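Each chain is listed here by its residues.
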Amino acid sequence: MFLIYNLLLTFLSPLWVPWMLLKARRRKERPIWAERFGNFDIPARGERHRIWVHTVSVGEFVAATPILREIRKTLPNHEILVSVTTSSGHQTAREAEAGLFDHLVYFPIDVARFQLSAMQKVRPDVVAIMETELWMNFVWAAKTFGARTMLVNGRISDKHFPTSYKLRSFYKVLLKDVDLCLMQSELDVERIKALGAGEARVVGNCKFDQAVQGLKLDSADWKKELGLDLERFTIVVGSTRGEVEEKLVLAALGSVGFDRLNVIHAPRHLERVEALSQLVREATGAVVLRSQGAAGPYMILDTYGELGSVYSVADVVIVGGGFEDLGGQNVIQPLAHGKPVLHGPHMQNFRDSSAMADKAGAAKVCATSEELTVAIKALMEDPASRKEMGCRAKKLVDDNIGASARYAKLIAEESGKAK
């Protein structure tokens, strides 16, 4: 299977290489291609031990920040290298708090030669892979150089598991090079074992820890910063993913009445800003962009890294990704701020956290624009219900923090086992 995988990479390169180049060209910032080829400009490893934490893009890096912080506490003398795949992830990591890591690189393309070159330069004791970003040559190269390999905050979505299970012969070969799979839930453990994993256990979801990081920020300061009209009801729309969802949300807000609302709308991908701006203009007559520093009743949050804090100003939060069958987006951040959450029915990529929130009475499923309108109006007219949902949201998050410290402890233990 290893040989077949690499032969396919070679034979299909006329297809995936142009696709990768085209995708990179569409982004505002180009990747560092030398690093994508495994040529890392970092010092050779000295006496300090090294840990390689691989994330993908913005969401995975942000989720990894509390784990990185706990690794620093647990292993203060270790070097930490973080890899990302996307330019947006690279920018978010560069702008993160100082001291989280020692080196930041782009993840090498999963060609054996590139991965071996990178691994020879880094020579980590532990490779910790966030969520499900498993690449065969990457974990093979890590084991070739004697590293301990771990899946951290692992999850397998409802959408991807059936396909993955059909390819379980491939995953069985891949997972034999993963020493330990640390998963978010019991169901994730069952699924990773069904794919061929050896040791797997439940540790929890570090996104609960990540969500509480910005809670000390004063919402009053953010309201002033954003220039909000304090007489209006404020709705933050987080991470909608495409025109279908954008139109559904705009229809619901229009039925409530734009003249009654402050709306801060953050698309999941900044490439949607221009198209979303046009839709908002057609619906409301005007729109402002956060990046331009203007204030207005309908603002598009076209910046990196602010959404988690901006949730603090909301009376109600609408989380996207689930109104269309796209798998949903993270509901934990607004819950941590004690905000009532409304989301769509298709939340399979965030199955556990959204189901927990629904069951706790901290969130509500709205399948249509009409249902979303009804839910918003009900919460606008009933402050007591908003407060009750908010209290339940806070309690849910408080009851589930602590996974990051457990992950760091297990990474430290694996570091001690490295050759």
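This text goes with the structure placed above it.
Rules behind the numbers
Residues numbered from 1 in each chain as written. Predicted model: local features only at pLDDT ≥ 70, side-chain atom pairs only at ≥ 80, totals over all residues. Heavy atoms only, no water. Helix = DSSP H or I, 4+ residues; strand = E, 2+ residues; numbered from the N terminus. Rg over C-alpha atoms; globule rule 2.2 N^0.38 Å. Buried < 20%, exposed > 50% of the residue type's maximum accessible area, 1.4 Å probe, protein only. Contact = heavy atoms within 4.5 Å. Areas by Shrake-Rupley, 256 points an atom, 1.4 Å probe, with all protein chains shown as cover. Lys, Arg positive; Asp, Glu negative; His and termini not counted. Charge placed at Lys NZ, Arg CZ, Asp CG, Glu CD. Expected span 1.5 Å × (residues − 1). Phe/Tyr/Trp six-rings, centres within 6.5 Å; stacked < 30°, edge-to-face > 60°. Lys NZ or Arg CZ within 6 Å of the ring centre and 35° of its normal. Axes fitted to C-alpha atoms, helices over the stretch in contact; angles between N-to-C directions. Parallel < 35°, antiparallel > 145°, perpendicular 65-115°, else oblique. Left-handed = near helix turned anticlockwise from the far one by under 90°. Pairing = 2+ DSSP bridges.

## Comments concerning the overall build of the chain
The number of helices and strands found in the chain is 20 helices and 14 strands. For 419 residues, the compact-globule estimate of 2.2 N^0.38 gives 22 Å, and the C-alpha radius of gyration of the chain, at 22 Å, lies within 12% of that figure. For the chain, the spread of C-alpha atoms along the three principal axes comes to 60 × 45 × 40 Å. Buried positions account for 55% of the 419 residues belonging to the chain. Across the chain, every contact between residues at least 6 apart in sequence was considered, and the portion connecting residues at least 24 apart equals 70%. Approximately 18500 Å² of the chain is accessible, and the part contributed by carbon and sulfur atoms is 53%. Taken as two groups, the 54 positive and 50 negative side-chain charges of the chain have centres that lie 4 Å from each other.

## Concerning helix α13 (residues 243-256)
With 14 residues, α13 ought to run about 20 Å at 1.5 Å a step, and its terminal C-alpha atoms sit 20 Å apart, in line with that. Residues of α13 that are buried include every one of E245, E246, L248, V249, L250, A252, L253 and V256, and no others. Backbone geometry just after α13 places G257 at a positive phi near 120°.

## A closer look at the packing of aromatic side chains
Tallied over the full model, the rule gives 11 aromatic pairs. On the basis of an interplanar angle of 80° and a centroid distance of 5.4 Å, the ring pair of F170 and Y171 is categorised as edge-to-face. Residue classification places F170 among the buried positions, given a relative accessible area of 19%. Three or more aromatic residues joined by ring pairs make a cluster, and in this case those are F40, W52, F107 and F138. In this arrangement the basic side chain of R155 is found over the ring face of F350, its NZ or CZ atom lying 5.4 Å from the centre.

## A word on the packing of α13 against helix α18 (residues 369-381)
Here α13 crosses α18 at 45°, and the two axes come no closer than 8 Å. On the basis of the axis angle, α13 is oblique to α18. Judged by the twist between their axes, the crossing of α13 over α18 is right-handed. On α18, the residues that touch L248, V249, A251, A252, L253, S255 and V256 of α13 are S369, L372, T373, I376, K377 and M380.

## Description of the sheet that holds strand β4 (residues 126-130)
Taking strand neighbours across the sheet as the criterion, the seven strands line up as β3-β2-β1-β4-β5-β6-β7 in an open arrangement whose pairing is parallel. Only two strands of the sheet have a single partner each, and these edge strands are β3 (103-106) and β7 (200-202). Taking the axes of each pair of neighbouring strands and ignoring which way they run, one obtains an average angle of 20° across the sheet.

## Details of unusual backbone geometry
With a phi angle near 50°, R123 is a residue other than glycine that sits in the positive phi range. Structurally, R123 can be placed in the loop between α6 (112-122) and β4.

## Some remarks on the sheet that holds strand β9 (residues 261-267)
Spatial strand order, β10-β11-β9-β8-β12-β13-β14: seven strands in an open sheet with parallel pairing. Strands at the two margins of the open sheet, each flanked by one partner only, are β10 (288-289) and β14 (363-365). Helix-sheet contacts for helix α17 (residues 351-360) involve β13 (341-343) and β14, and the interaxial angle to β14 is about 105°. Along the sheet, α18 contacts β8 (233-240), β9, β12 (316-319), β13 and β14; its crossing angle with β13, the most-contacted strand, is approximately 170°.

## Brief notes about the environment of A418
With respect to the element layout, A418 can be found in the segment after α20 (403-417). Along the chain, A418 and D125 lie 293 residues apart, while their C-alpha atoms are 5.4 Å from each other.

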